[in-house]
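Examination of the molecular architecture
Listed below are the residues making up each chain.
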Amino acid sequence: MQVKDAMHPGVRWVEPKTPLTEIAQLMRRHNIGAIPIGENDRLIGIVTDRDIVCRGLSQGLDLTRATASDVMTLGIYYTTEAADVTDAAVIMETHRIRRLPVINDQKRMTGMLSIGDLSHGGHRDLCGEVLNVVAARAA
């Protein structure tokens, strides 16, 4: 199965100066746990709900003033719509990530592939393998 058949289509991204309060509201409104960060029409990072808590709240940042750039994970791994879900799962396992942005042939982001998408797409064994690696505690 191709990624485009399993992914969650339609994705929002925001700029690095976007307030965390706005990002959290987007996450809540769309029931998602990650927002890609873009600048000059390029993906540069991602903010997850965990980033907001572990890099923002627990570090004492003033969350009413903090922005995406204060907590985002720099660099981004991605896959393509035409990739096989097994190949995308390998990227997720290798980099221990739960969500993977998806781009098309024009290098435009068209969706996100999550561990849940693998499960809902009928790839429960693959989902379990990825989840075991991603959720494992660091040694």
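The rules behind these values
Residues numbered from 1 in each chain as written. Predicted model: local features only at pLDDT ≥ 70, side-chain atom pairs only at ≥ 80, totals over all residues. Heavy atoms only, no water. Pairing = 2+ DSSP bridges. Helix = DSSP H or I, 4+ residues; strand = E, 2+ residues; numbered from the N terminus. Buried < 20%, exposed > 50% of the residue type's maximum accessible area, 1.4 Å probe, protein only. Contact = heavy atoms within 4.5 Å. Salt bridge = Lys/Arg side-chain N within 4 Å of Asp/Glu carboxyl O. Arc of directions from axis to C-beta. Axes fitted to C-alpha atoms, helices over the stretch in contact; angles between N-to-C directions. Polar contact = N/O pair within 3.5 Å; in protein donor to acceptor, adjacent residues only side chain to side chain.

A look at the sheet that holds strand 7 (residues 109-114)
With respect to topology, four strands assemble into an open sheet ordered 1-7-6-5, the strand pairing being mixed. The sheet is open, and its two edges are formed by strand 1 (8-9) and strand 5 (79-80), each paired on a single side. As paired strands, strand 5 and strand 6 (residues 99-103) are joined by two bridges and run parallel to one another. In the strand pairing of strand 6, Thr79 is matched with Val102.

Details of the pairing of strand 6
Counting buried positions over the five residues of strand 6 gives four, a clear majority of the element. Sheet analysis places strand 6 next to strand 7, joined by five bridges and oriented antiparallel. In the sheet register, Leu100 faces strand 7, and the bridge partner there is Leu113.

Quick word on the side chain of Thr48
On the secondary structure map, Thr48 appears in strand 3 (residues 42-48). Overall, Thr48 belongs to the buried group, its relative accessible area being 15%. Once residues within four sequence positions are removed from consideration, Thr48 is found in contact with Met27, Gly33, Ala34 and Arg99.

Brief notes about the pattern of salt bridges
In this structure the tally under the stated criterion is two salt bridges. The shortest N-O distance in the salt bridge between Arg55 and Asp51 comes to 3.4 Å. Here Asp51 and Arg55 lie together in helix 3 (residues 49-57), a separation of four residues that amounts to about one turn. Overall, the relative accessible area of 37% leaves Arg55 in the partly exposed class.

Remarks on helix 2 (residues 20-30)
Listed as buried for helix 2 are Leu20, Ile23, Leu26 and Met27. Along the axis of helix 2, the buried residues cluster in a sector spanning 120°; they form a single face. Those residues of helix 2 that are exposed and aimed more than 90 degrees away from the buried face are Arg28 and Arg29. Buried-residue contacts for helix 2 involve strand 2 (34-39), strand 3, helix 3 and helix 4 (68-71).

Notes on the pairing of strand 7
Here strand 7 lies mainly inside the structure; five of its six residues are buried. For strand 1 and strand 7, the ladder comprises two bridges, and the chain directions are antiparallel. Within strand 7, the residue paired with Pro9 across the bridge is Gly111. Remark: five residues form the turn of the hairpin made by strand 6 and strand 7, two consecutive strands paired antiparallel; Lys107 in that turn has positive phi of roughly 65°.

So, the sheet that holds strand 2
Read across the sheet, three strands follow the order 2-3-4 without closing on themselves; strand pairing throughout is antiparallel. Where the open sheet ends on each side, the last strands, each with one partner, are strand 2 and strand 4 (73-74). Taken together, the two bridges between strand 3 and strand 4 define a ladder with antiparallel strand orientation. When the sheet's bridge partners are listed, Gly45 is paired in strand 4 with Leu74. Strands in contact with helix 2 are strand 2 and strand 3; relative to strand 2, the strand with the most contacts, it is inclined by about 130°.

Some thoughts on the environment of Arg108
With respect to the helices and strands, the residue Arg108 is situated in the loop between strand 6 and strand 7. Separated by 67 residues in sequence, Arg108 and Asp41 have C-alpha atoms that sit 9.0 Å apart. Once you skip the residues sitting within four places of it in the chain, Arg108 turns out to touch Asp41, Val102 and Ile103. Polar contacts involving the side chain of Arg108 include one to the side chain of Asp41, which spans 2.6 Å.

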